Every structure is written in structure tokens, then in C-alpha cells.
Protein chains: 2
Amino acid sequence: MVSVSPLHAEVSSEEYARLAPQVCAMIEEWMREGEREDAFVTPYTTPAEYRSHLALPLPDEGVDDAQLMEVMRSLLKNSVNPWTDRFQAKLYSAPTVSSMCGDMLLSAMNASVHVFSGSPVLSMVEEECVRALCSIFGFGTDADGITMPGGSASNTLAVQTSLCCAFNGAFRRDGIWGLVQELSRIGRTGRGARPVLLTGVDSHFSLDRAALAAGLGTDAVVHVPSDEHGRMRPDALASLLAEMTSDPAHPFGMPFFVNATSGSTVLGAFDDLEAIAALCQQYNCWLHVDASWGGPGIFSPYLRSTVLRGTHLANSLTINPHKLLNVTHQCSFLLVRESRVLEEHAIHAGYLFHDTHTPQKTRITDMAAKTLGCGRRGEALKLYLTWRKYGTRALGEHIDQGLRLAQDVLARIRTSPALEVGPLAEPLFLQICFRPRTTISPASAANGVHTPYASGSAATRAVHAALLQQRHIAVDFAPTRSGDYLRLVIHPRTPPEHYFALVEEVARLASIE
Amino acid sequence: MVSVSPLHAEVSSEEYARLAPQVCAMIEEWMREGEREDAFVTPYTTPAEYRSHLALPLPDEGVDDAQLMEVMRSLLKNSVNPWTDRFQAKLYSAPTVSSMCGDMLLSAMNASVHVFSGSPVLSMVEEECVRALCSIFGFGTDADGITMPGGSASNTLAVQTSLCCAFNGAFRRDGIWGLVQELSRIGRTGRGARPVLLTGVDSHFSLDRAALAAGLGTDAVVHVPSDEHGRMRPDALASLLAEMTSDPAHPFGMPFFVNATSGSTVLGAFDDLEAIAALCQQYNCWLHVDASWGGPGIFSPYLRSTVLRGTHLANSLTINPHKLLNVTHQCSFLLVRESRVLEEHAIHAGYLFHDTHTPQKTRITDMAAKTLGCGRRGEALKLYLTWRKYGTRALGEHIDQGLRLAQDVLARIRTSPALEVGPLAEPLFLQICFRPRTTISPASAANGVHTPYASGSAATRAVHAALLQQRHIAVDFAPTRSGDYLRLVIHPRTPPEHYFALVEEVARLASIE
């Protein structure tokens, strides 16, 4: 009888001792390469190029250590390199080394944070991060929360949690069908008997997806108009709520949930939480705050007392430390003001949850009972180590540094006659939309492809294509109400010179005739 | 002006070069400790003990490198140690070193696998793993799939995907309300107009949660009885489907989805896929196979041609490499037979998806368009490296080793007069339910607490409590139709002697008078 699996052919600690330091060295080298001034951000431009340069077979026979290292090296070499600090296309950038260490520990522990008994330390780490976040957002001591695999998942759980609490709790047993029965009983009719959620037109598309996921349907999302700075208009929200609640057959349905955004994806706009909270109270709606992007602003005393005023009024709030706090992917939290609401998700599974409640108080200790999932990676550890290393105060300085940097970059853009600034958040957060002011020739910009002279959105596309070809700076473009603009994301940890270089290069491309 | 964030006070590669090797060494030491014969699996017994031994503050001020290392060391020291190979309480065990290396790479790349342009290599790795898995499960070339953060998430996405495809596609726009309208139009009435899913009574509770998550409600789950070996009874399923579809007002509702389980949580039972698939075709239901646990059996030619026969008939299938293939948490895939079904989730977000389809074919390249989430960790990489290292053939040998080991352990239990075997899967998979046959005194077993003599379920609990106190072996207990049993999970990579030692210890505890 073969008495050992090929997956355990040698003592694990010896295999780890042999391989892990090699992988560390490989990663360190790749980071150093990225940090070189002339490093490319992206190795290629098109999916076809990537596909032609990298083969990824899965054959019958395995490989030896040296070959496995070669595979890993090749994966790194062909990847987008965040250590250039010139990947500015997304709302995340290079991670903290402490969160990278957190990932190493998570691998070694390999515990699922679904029941306390299997992952006591990681459960406690998550509890502490939740406690500290709830405290800084101004939630009371009855608050609770949970990590989720991404902001969309947190927003979706918020919608599902809210549905569990709405209209006499018919959702849990009978789902949307039960809520429609309940709404019919109180006199709502036709499409007016559907529960619907409201969110700003500039909010993240995960709210639409959450409605799809939760069985509401995409038509059950009402998009509230925003002002020129991308903020949901409270007056428009007030009219909609008044209309929808007073007409029992209103074709939009019956409101139960309002999402306010703290830090929108394109402009970085913050909705007026206090005004929206007052309306939610008046119309008996759940207030969710999607602070996936802007949430870490709470560490900045300035933002806490301005655009984030009112977070404590939310029923639930999403924050993604993997964005602005530079924690590795994924790290998102859903926080709730009242711990009991997460208990709505508990489903009895005798083979799994032996001891869900602690004897002293009714707080759930088995984390998975609070979600609609089961097995969970202990993602809170990466935030914990980053927070512990720098301390609360430094996280605030990190955000403030980003705000100053954004002002400096905006000033630089404004001094260039070749550039025009697009819509901006008011006050400015960490995104700047801009594009060439002048009419440019995409022929010269985009590598010899002959197309007509461009201005406005077309100029944005032409410059974006040229930057993509150069592979030295990655920046995204985004649609706004006044056309397409390059959307520059200011990452507080990124050295200013990278942003200034980008602005200069766009100005140069804009001036090419 | 402060020009650098405190989160980037030094060059990252230098910080990594200083810290990562220390963390590697710390992990290696912890693995070695775990591998010692006398190592404890768990440092403490109760949540209160853990809480009293570990403080996890998050103060205003940060810590230096040495203090951060001390924090990490303390987290490891207080954690369940999987490297003992004596943590047998869950469906996962110690991970492959290659998947640990994968986590290190993922941290360094820190890419979100939502759009191809941000994570080209990780997107390709995921595509290749999906392709290879679809192929081995017998799906055709039009199959597709996606990684999800856990088996529950995969099962939930299967239900949501299926709902999108059911009853003329009303779900996407109008949710469950739309489906109820649609069902009313074809003559269903009252509770009979609700869409419901069917699953075995011994299936995972994530199916109930998926129904809650998707707005169906927990009452929209019909649990089909199983036979004495934990397999869903196809005759019972046939009767239910016939009844529910023929009576338009049937209080259970209208079936649209059947979940079959390949490897149940407690017994490791495999439902008869071919019989169930035939019924699904007859009654126009979506067939989902929850092979979270048993799916890797497909690598074993023996299991592929026996209990897993018929996987190619499924509309969707969940497999969790983080369980039986020893990949680090989380690593789960949802596979679908027809790629188009995942396109039902795409929601236009102009600021995000610029190029969702490749020009040559209509296959989606931006992974997030296939899910109801957005940002995604590239979890497929960990399976890729494990698979590449060992090769397809060795993964099959790994499973076969587990099957042999289970037979040996069962034989050993049967030779002990002090032990009785509980319900078992037929054929045996990787779980064995057993307990003391004799009446034992929990007083002596469980550390002096004086309680009445125990037999049956009470003896199971007493032995479980005693093992928990000893901290040398972690094993779970589970309810079955004939009472509570210790549920031993056979992990193919675990050395046989650990199982034999456990059997001996339970026999010893059972004999204590």
C-alpha cells in the first residue's frame, strides 16, 4: 500500500524552508525592478500579446522545484507591476508590507474563520478590527460587523440584511414573495407592491447588482439624480420618497433602503449623510453608506468633521481597507449599528455550529453565522497588522497627505494651457478628471493609426491609447455628464513626482500636432 | 508640506527584504513545532481562555519592526496548528507549500481580477484552471466558470444564475416578483406561484442560505429525503417533482432548480447524478452539483467512473480545491456547462468595463462581468501552482490514497470492541462516523465534572469534550439520524498513524470506568 499522498512526499517545514525564501527573493527582485524609474508598468498592451507570451499548461506530469520557480518568475515578469507606483488606473495601489506579511501568516494558519473553535485568534482579530472601526465611525457599543470578500459583497449583504428587517420580517421565510404579500396587505398594488432601493445615479454599480442578487431585480433600483459635483440631491430624494410612499400603485415600488455614497468611483463625491439620514428616518428606510472608497477618510479629523459627518446615523456601512489603506486584496468590512441585524442570517446547521453564542452575552462568536456564506479567509488580519504597525494617528496623516497631494496635482493641471479640468468633487477628494483642451491628432499620438483629429472625449481616448502603448503610466478614463475624461486617482502613498510626470506627459501628448 | 505618507516612509522593497525573511523563518519554526509528535493542536480549550491570553489593541501610536514581529509570533503561537496533521475537525487540513507560495505572489501583485487589463496573468491563470476543470468534469468546449470566495458563494451564484435563466428571464429585471407574475400567467396560483429549489435533506446548509440570499426565502427550499447512506432518494425526488408541477396551487411552489450533492458534509455521500439529471430534464429544472467536498474525486479514475458518473449533465457545479486538494483558503470554482449563462450577470458600468468581450469570440474577458461582485482576489493561482507542481496524475493518486486510508481506518475501528461505527456512505468516501459502544463515565473522561453515565450521543459528547481538553487531536462530532457521532475526516495527505492514534484514544476513553 502506498502510505503517503504525493502531496505530502516530504516534511512540509522542509519544503517551506527550501521554497519560501526563494519566493521572497524573487518577489523582492521584482519589487526592485518596479521601483526603477524606467520600469514598465505593464509588460504588454493587448490581451492577444499577453496570450502569445505566456503559456499556462496543466499537464499530467508535475515539475521539479526549479521548474516551479521558473513558472512563478514568469508569472511575475508578465504581470502589471504595482511597485512602479505608476499604476494609477484603479482605486488600489501597492500594498503595505505588513499586510503582505499578514497574507503569509494566513497561508500558514490556513484556518477558516467560520467557527471560533477552528480560528480563535483570527476571530478575535476580526472582532477587534470591527470594534475599532465601529468606534471611529461613531457607532455605539451595540454595533457589529464582519469582513466580506469585497465591497460589492458587503453592499449586497447590507441589502439582504435590510430586507430581512423590512416589512415585518417576511423576507427570511418567504423572500420577496413574502414582502409583496405583506405590502399588498397594507394596500400597495401592482408594481407598487415591490420593495425598491434608492441610490445616487453616480453610485457604484454593485448596488444594481445587489438588487439583482437579492431577487429584487435591476428595475427595483431607483437612481436619484445628483448635482454637478456628483452628490446625490437630497431634494430629489425627498420628492421621490414622498411620491413613492403616497401612491400605493407607484410604478417604482415601495422604498425600504437608501444607499448613500461616501467617495464615489469616478469623482470621489460624498453624499450629504445627515440630510439623507433625516429622510430615511421620516420614511422608515434603512440607511446604508457605501464608503468602500471614502471610508478611510474617517481617520482624518478634517474629513470626519466635514464630508463624513453623520456616519453614526447609518444602519450599515461598507469600508474597503484594500483600497485607501493599502491593505492587500481583498479586505472589506460591513459594519452595522445594531448587532442583532446580522443574526437574521443564522441558519441552524447542527453539524457546524455547536456553540454560536457565548454564555455571558448573546453576541455571536461563530463568524459565519453572521453572513450568508460559510468558510471565510481571515482578511481582517491584514488590516490589523497595518493598523498596529502605523497606529491610528498615522492612518489619518496618510489620508491628509493624499488630500494635499490632490490639491497640488490639480494646481499643476490648471497651470497647463493644454489641459482642461473636468467635473470635480466639492470639496476635492482624491480623483481628478482632466483631458486635453486642444484638438489633437490621434494619428501621431496613437502609433500611426490614421483617424480624424480629436477633441473632447475623442481626445481623451486618443491620449489614453497613447499612454497604454507607452506602458509607463497606467491611468483609466471614465464617462461623466460632460464627456469622457482621464480619471486620475491620487494614492496617498504614491510619490508626487509620478503624478507630475503624468500631467506633463498628457500635456505633451495634447500639444502634439 | 509633508511629501510622503507614513505608509510609505521607506522604499518598499527594502522593507520587504527586511521583514519577509523574518516572517518566513517564524512560519518555518511554527511548522516545525507543529510537526513534533508532542505538539498541541490547540493552545487552549475555551473562547474565554483564548481571550485571557491574547490582547489585540489598536492604539494611536504604531510599533517598530521588532514589536510587529512579536505581535505576529504571538498570533501564531496562540493559533490552531494545522501542521500537527491532527486537526481533523474540518474538511480542510494543512495546505500545500506551492499554494502558500501562490499567496505570496498574490500579495506582491496585489491585482484585482475584475478586469483583464489590471490582472492579465491572473485572468489567464483562472481561465486555464477553469478550462482544465471543465474538461475533466466532461463539460464541452462551451463551458465556463469563475472562482468564488467559498463554496457557499459558488452555490449561491448557481442559484442566482439559474433564476436568471428560468421562466422567460423575468428575474433579471423584475426579480422574484417578475417570476411570480410569469408563473401566475401560466396558471400557477397562491403559494404555488413561488419558484422553489429542491435539495437533499443531507445537503449543505448553504443551499438554504442561497435561497435566503436570492430572495426566495428559506421556505422555498424543499428537502428531499435521503436513504440510509445519506444519498438523496431519486424516487422521492420524482414524486415531489410530479406532485408540485401537476398541482398549480401546490403549497411547496414550482420547482426550477435541483441541487445534487457529491460528497456530503457529514457522511461523504454522493447523490446519483444520472438519475437526478434525467428527472431534471423531464421537469425542466436546472441541475446544480454541489461537489465542494467530493469534486476533486474526479481526478481518481475509479471515482470518476462510479460515484461521479454524470457530472457532465450538470448545468453548474461547485468544487472547492481548498478542501481536498489542500490549496490554501479560499479557493472555490463555480463551473457552468454553457458559457452564456454567466453573461446574465453583466451590468453595464462604463467607468469599469471598457472591453468586456474579445473581438474574435463573444467570451467575456473581464472576469467580474461574470459574477455579482466586482474586485476579486486571484485565488485560482494557488490551485494552478499546486496542479502544475504535482501534475494531473498525482492529484488522482492523492485521492486514491485517501480512499485506501479510509478503508484502513474503518477496519481498525471495527476491530475495537469498545467502538461502534455509525452511518456510513456507500461506497465509503472520506468520513467515518463512530462512537463508544459501551456505556462510559463522562466523569472520568471529562476532567472531573460529575455527570451521569453516558451512552450513545452522550458518550459521543463526553469523548469529544475529553479530546478537546487533551488538545492533542481535534475532531468534530455531528448529528445523524441515529444520534451524534464523532465524525472523522480522512485527509489524504495526513499520515495514517495519526488516525490510528485517534481511534486508539477514543477506544481508551470508551473503556474508562
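Rules behind the numbers
Residues numbered from 1 in each chain as written. Chains lettered and ligands numbered in written order. Predicted model: local features only at pLDDT ≥ 70, side-chain atom pairs only at ≥ 80, totals over all residues. Heavy atoms only, no water. Helix = DSSP H or I, 4+ residues; strand = E, 2+ residues; numbered from the N terminus. Rg over C-alpha atoms; globule rule 2.2 N^0.38 Å. Buried < 20%, exposed > 50% of the residue type's maximum accessible area, 1.4 Å probe, protein only. Contact = heavy atoms within 4.5 Å. Areas by Shrake-Rupley, 256 points an atom, 1.4 Å probe, with all protein chains shown as cover. Least-squares fit on C-alpha atoms with pLDDT ≥ 70 in both. Salt bridge = Lys/Arg side-chain N within 4 Å of Asp/Glu carboxyl O. Polar contact = N/O pair within 3.5 Å; in protein donor to acceptor, adjacent residues only side chain to side chain. Pairing = 2+ DSSP bridges. Axes fitted to C-alpha atoms, helices over the stretch in contact; angles between N-to-C directions. pLDDT = per-residue confidence, 0-100. 1 Å grid on protein atoms, 1.4 Å probe; cavity = no way out; pocket = protein on both sides within 12 Å on 5 of 7 lines; lining within 4 Å. Points joined across faces, edges and corners; volume = space filled by probe spheres on them. Nonpolar A, V, L, I, M, F, W, Y, C, P; charged D, E, K, R; others polar. Right-handed = clockwise from strand over helix to strand, strands pointing away. UniProt positions renumbered as here; feature names shortened; annotations may be inferred. Phe/Tyr/Trp six-rings, centres within 6.5 Å; stacked < 30°, edge-to-face > 60°. Lys NZ or Arg CZ within 6 Å of the ring centre and 35° of its normal. Parallel < 35°, antiparallel > 145°, perpendicular 65-115°, else oblique.

Caption draft 1: Broad picture of the overall build of chain A. Looking only at helices and strands, one finds 16 helices and twelve strands in chain A. By the compact-globule yardstick of 24 Å for 513 residues, chain A fits well, its C-alpha radius of gyration being 25 Å. Dimensions of chain A, computed from C-alpha atoms along their principal axes, come out at roughly 75 × 65 × 45 Å. Taken over 513 residues, chain A has a buried fraction of 67%. Contacts spanning at least 24 positions in sequence make up 70% of the contacts within chain A whose residues lie at least 6 apart. About 16500 Å² of surface is accessible on chain A, with carbon and sulfur atoms providing 52% of the total.

Caption draft 2: How the structure looks around the relation of the copies chain B and chain A. Mapping chain B onto chain A calls for a rotation angle of 180° and an axial translation of 0.0 Å; the resulting RMSD is 0.0 Å. Taken together, the turn and the small shift mark the pair as related by a two-fold rotation axis. With an isologous cut-off of 70% or more, the 100% of interface residues of chain B that recur at the interface of chain A puts this contact in the isologous class.

Caption draft 3: How the structure looks around the interface of chain B and chain A. With 166 residues of chain B in contact, the opposing surface of chain A contributes 166 residues. If you look at where chain B meets chain A, you find 17 salt bridges. The shortest N-O distance in the salt bridge between Arg 377 of chain B and Asp 103 of chain A comes to 3.6 Å. If you look at where chain B meets chain A, you find 70 residue pairs in polar contact (both at pLDDT 80 or more).

Caption draft 4: Layout of the sheet that holds strand β5 (residues 254-261) of chain A. Residue and element names in this part refer to chain A. Overall, mixed pairing links the seven strands, which are arranged β2-β8-β7-β6-β5-β3-β4 in an open sheet. Edge strands, defined here as strands with exactly one partner in the open sheet, are β2 (144-148) and β4 (221-224). Taken over all neighbouring pairs, the strand axes of this sheet differ in orientation by 20° on average, direction set aside. Where strand β3 (residues 195-200) meets β5, five bridges bridge the pair, whose relative direction is parallel. Bridging from a neighbouring strand, Thr 199 pairs with Asn 259 of β5. On the sheet, helix α8 (residues 206-213) packs against β3, β4, β5 and β6 (286-291) and is oriented at approximately 165° with respect to β4.

Caption draft 5: Focus on the confidence of the model for chain A. Mean pLDDT over chain A stands at 93; residues scoring 70 or higher make up 94%. Contacts from residues 356-361 of chain A, a stretch scored under 50 in pLDDT, to residues over four places away or in other chains number eleven contacts.

Caption draft 6: Up close: empty space enclosed by the protein. In the structure shown here, the tally under the stated rule is 14 cavities of 30 Å³ or more. Taken as a whole, the second largest cavity spans an internal volume of roughly 380 Å³. Cys 374 of chain A together with Leu 91, His 204, Thr 265 and Lys 323 of chain B are the residues nearest the centre of the second largest cavity, which is lined by 32 residues in total. Counting residues per element, the lining of the second largest cavity draws most heavily on helix α6 (residues 151-165) of chain B, which supplies three residues. Across the lining of the second largest cavity, the residue classes break down as eight nonpolar, 19 polar and five charged.

Caption draft 7: Seen up close, the sheet that holds strand β8 (residues 332-336) of chain B. Residue and element names in this part refer to chain B. Spatially, β2-β8-β7-β6-β5-β3-β4 is the arrangement adopted by the seven strands of the open sheet, whose pairing is mixed. Every other strand in the sheet has two partners, leaving β2 (144-148) and β4 (221-224) as the edge strands with one partner each. Taking each pair of neighbouring strands and ignoring which way they run, the sheet shows an average axis angle of 20°. Across five bridges, strand β5 (residues 254-261) lies against strand β6 (residues 286-291) in parallel orientation. Bridge assignment links Ala 260 to a residue of β6, and that residue is Val 289. Helix α10 (residues 273-282) contacts β5 and β6 of the sheet and is inclined by roughly 155° relative to β6.

Caption draft 8: How the structure looks around the pairing of strand β10 (residues 431-436) of chain A. Residues and elements named next belong to chain A. When you tally the buried positions in β10, you get six out of six residues, the bulk of the element. Alignment of strand β9 (residues 419-421) against β10, held across three bridges, turns out to be antiparallel. The partner of Leu 419 across the bridge, within β10, is Pro 436. As paired elements, β10 and strand β12 (residues 483-489) share four bridges and run antiparallel to each other. Across the sheet, Phe 434 pairs through a bridge with Leu 486, a residue of β12.

Caption draft 9: Structural context of the pairing of β6 of chain B. Residues and elements named next belong to chain B. Among the six residues of β6, six are classified as buried, and the element is accordingly described as predominantly covered. The alternating pattern of β6 places Trp 286, His 288 and Asp 290 and Leu 287, Val 289 and Ala 291 on opposite faces, both of which are buried. The parallel pair β5 and β6 is bridged by α10, and the resulting crossover is right-handed. Across four bridges, the pairing between β6 and strand β7 (residues 316-319) is parallel. In the strand pairing of β7, Ala 291 is matched with Ile 319.

Caption draft 10: Main features of the UniProt feature "modified residue: N6-(pyridoxal phosphate)lysine" (unreviewed entry) in chain A. Residues and elements named next belong to chain A. UniProt records the feature "modified residue: N6-(pyridoxal phosphate)lysine" (unreviewed entry) at Lys 323, using the numbering of this structure. Turning to its location among the elements, Lys 323 is positioned in helix α12 (residues 321-324). Here Lys 323 falls in the buried class, since its relative accessible area comes to 16%. Here Lys 323 is in contact with Leu 91, Ser 292 and Trp 293, once residues within four sequence places are set aside.

Caption draft 11: Spatial organisation of the packing of aromatic side chains. For the structure shown, the criterion picks out 14 aromatic pairs over all chains. A ring pair is formed by Phe 87 of chain A and Tyr 92 of chain A, whose centres lie 5.9 Å apart and whose planes are at 35°; its orientation type is tilted. Classification of Tyr 92 of chain A by relative accessible area gives buried; the value is 5%. Consider the rings of Trp 293 of chain A and Phe 429 of chain A, whose centres lie 6.0 Å apart with planes at 80°: the pair is edge-to-face. Taken as a pair, Trp 293 of chain A in the loop between β6 and α11 (301-304) and Phe 429 of chain A in the loop between β9 and β10 lie far apart in primary sequence, 136 residues in all. Residue classification places Phe 429 of chain A among the buried positions, given a relative accessible area of 1%. Chaining the aromatic ring pairs together yields one cluster made of Tyr 44 and Tyr 50 of chain A together with Phe 116 of chain B. The side chain of Arg 471 of chain A reaches across the aromatic face of Phe 40 of chain A, ending 4.0 Å from its centre.

Caption draft 12: Main features of the side chain of Glu 505 of chain A. Residues and elements named next belong to chain A. Structurally, Glu 505 can be placed in helix α16 (residues 496-511). We classify Glu 505 as buried; its relative accessible area is 15%. With residues near it in sequence (within four places) discarded, Glu 505 still touches Leu 467 and Gln 470.

Caption draft 13: Layout of unusual backbone geometry. Cis peptide bonds are those with omega within 30 degrees of zero, and the linkage from Glu 426 of chain A to Pro 427 of chain A qualifies with -5°. Position of Pro 427 of chain A relative to the elements: it lies in the loop between β9 and β10. A cis amide bond, omega -20°, links His 329 of chain B with the succeeding residue Gln 330 of chain B. Counting through the fold element by element, Gln 330 of chain B comes out in the loop between α12 (321-324) and β8.

Caption draft 14: How the structure looks around the pattern of salt bridges. For the coordinates displayed, the defined rule picks out 67 salt bridges over all chains. A salt bridge links Lys 389 of chain A to Glu 15 of chain B; the nearest nitrogen and oxygen atoms lie 2.9 Å apart. Of the two residues, Lys 389 of chain A sits in helix α13 (residues 380-415) while Glu 15 of chain B sits in helix α1 (residues 12-35), which places them in two different chains. The pair formed by Lys 389 of chain A and Glu 15 of chain B is uniform in burial state, with each residue classed as buried. Taken together, the salt bridges that share partners define one network made up of Asp 103, Arg 377, Glu 379 and Lys 382 of chain A together with Asp 103, Arg 377, Glu 379 and Lys 382 of chain B.

Caption draft 15: Inspection of the side chain of Glu 182 of chain A at higher detail. Residue and element names in this part refer to chain A. Along the chain, Glu 182 falls in helix α7 (residues 170-185). For Glu 182, a relative accessible area of 16% translates into the label buried. Not counting residues within four places of it along the chain, the set of residues in contact with Glu 182 comprises Phe 167, Asn 168 and Ala 170.

Caption draft 16: The packing of helix α1 (residues 12-35) of chain A against α1 of chain B, seen in detail. At a closest axis distance of 10 Å, the pairing of α1 of chain A and α1 of chain B adopts a crossing angle of 170°. Judged by the angle between their axes, α1 of chain A and α1 of chain B are roughly antiparallel.

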